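# Report on the structure
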Amino acid sequence: MPWHAHLSLNYTAQGSRTVLQHAHDGPLRVFKSLYPEGDAICHNVIVHPPGGLVGGDVLDIAIRVGHGAHGFVSTPGATRFYAADALPAAQHVNIALDAGARLEWLPLETIAYPGCEAVNHWQATLAEGAELMAWDVTALGLPSAGQLFDAGRLHQRMTIPGVWLEEARIAASDLRLLDSPLGLAGQRCMGTLVLAAGSPLARERREALLAAAQTALSQLPPGLAAGVTCPHPQLLVVRALAPLVEPLMATLQQAWAALRPVAWGLPAQAPRIWQV
């Protein structure tokens, strides 16, 4: 029987402290709130006990951050879409930031196993003055384990209405997309990091952010390609392609570490969960 799981996270500022209220239904949980950077930033880890999704499974995650609050959300391991019979497995993430709110949505990678029918959708709405740093990292198959993405499909969609839309329908049989220089260029791991704002970024700030990201990407591991751009006044986007997920994730973590001090004046204190 398919599992449908729902998790809602609601961050509010209570004085100088960000506090989380949460509710769940089904096999989706959140660890207790942690404050490794002090009261202002609430860190949480989302856990999916089954460890992966099969046909018909649905994960719904809703995150709201209130005025003046700052949430940081990650995961302890990869989101795994396993081979499916007919029904797709789906993950939907909906983020809403009130004015002056901040959120860092930085889960570990998504793995599309051979034979999967996967839907991975992510959407965020930002009020004026709100800011978001988020990434999506996807591995098609497990090349290092000899499990090539030779069957299956992935529908991926990331959107900030009115600001940005990225959508891909990737089929294992579509070698023109997978291998073309205009597609994935033969790589099987892709990542996108965004810094989005509810209001236009001032030109000087935008240029400083671009310079920080470019410096972080100046020395890349062999076989990895990455770049940064500002396609909209409210958005900075880092994109990367790699043959394996580990160097790609490390590169996006470096970009995050370079952007965080420039964007928010905060040290790049990586959560311990990334080092496990």
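Read on for a plain summary of the structure.

## Observations concerning the packing of aromatic side chains
- By the definition in use, this model includes six aromatic pairs.
- Consider the rings of Tyr82 and Tyr113, whose centres lie 4.7 Å apart with planes at 55°: the pair is tilted. Taken together, the positions of Tyr82 in the loop between strand 7 (79-81) and strand 8 (89-97) and Tyr113 in the loop between strand 10 (110-112) and strand 11 (116-126) put the pair 31 residues apart, joining distant regions of the chain.
- Clustering of aromatic rings is evident, with ring pairs tying together Phe72, Trp135, Trp256 and Trp274.
- Directly above the aromatic system of Tyr35 lies the positively charged group of Arg17, at a separation of 3.8 Å from the ring centroid.

## Brief notes about unusual backbone geometry
- Positive phi, close to 55°, is recorded for Ala185, a residue that is not glycine.
- Tracing the sequence through the fold places Ala185 in the loop between helix 1 (175-179) and strand 15 (189-197).

## Observations concerning helix 3 (residues 245-264)
- With 20 residues, helix 3 should reach 28 Å at 1.5 Å per residue; the first-to-last C-alpha distance of 28 Å fits that figure.
- Among the structural elements, strand 6 (70-74), strand 9 (102-105), strand 12 (131-140), strand 15, helix 2 (203-216) and strand 17 (235-242) are those in contact with the buried residues of helix 3.
- One or two steps after helix 3, the chain reaches Gly265, where phi turns positive at roughly 65°.

## Describing the nonpolar core
- Core analysis: the largest hydrophobic core is formed by 49 residues, its most contacted members being Ile63, Trp105 and Trp122.
- Considering every element that reaches this core, the biggest residue donor is strand 11, with five residues.
- The contact partners of Trp122, leaving out residues within four places of it in the chain, are Val93, Ile95, Trp105, Leu132, Ala134, Arg157, Met158, Thr159, Ile160, Trp164 and Val194.

Quick notes on the rules
- Residues numbered from 1 in each chain as written.
- Predicted model: local features only at pLDDT ≥ 70, side-chain atom pairs only at ≥ 80, totals over all residues.
- Heavy atoms only, no water.
- Phe/Tyr/Trp six-rings, centres within 6.5 Å; stacked < 30°, edge-to-face > 60°.
- Helix = DSSP H or I, 4+ residues; strand = E, 2+ residues; numbered from the N terminus.
- Lys NZ or Arg CZ within 6 Å of the ring centre and 35° of its normal.
- Expected span 1.5 Å × (residues − 1).
- Contact = heavy atoms within 4.5 Å.
- Core = buried A, V, L, I, M, F, W, Y, C linked by side-chain atoms within 4.5 Å.
- Buried < 20%, exposed > 50% of the residue type's maximum accessible area, 1.4 Å probe, protein only.

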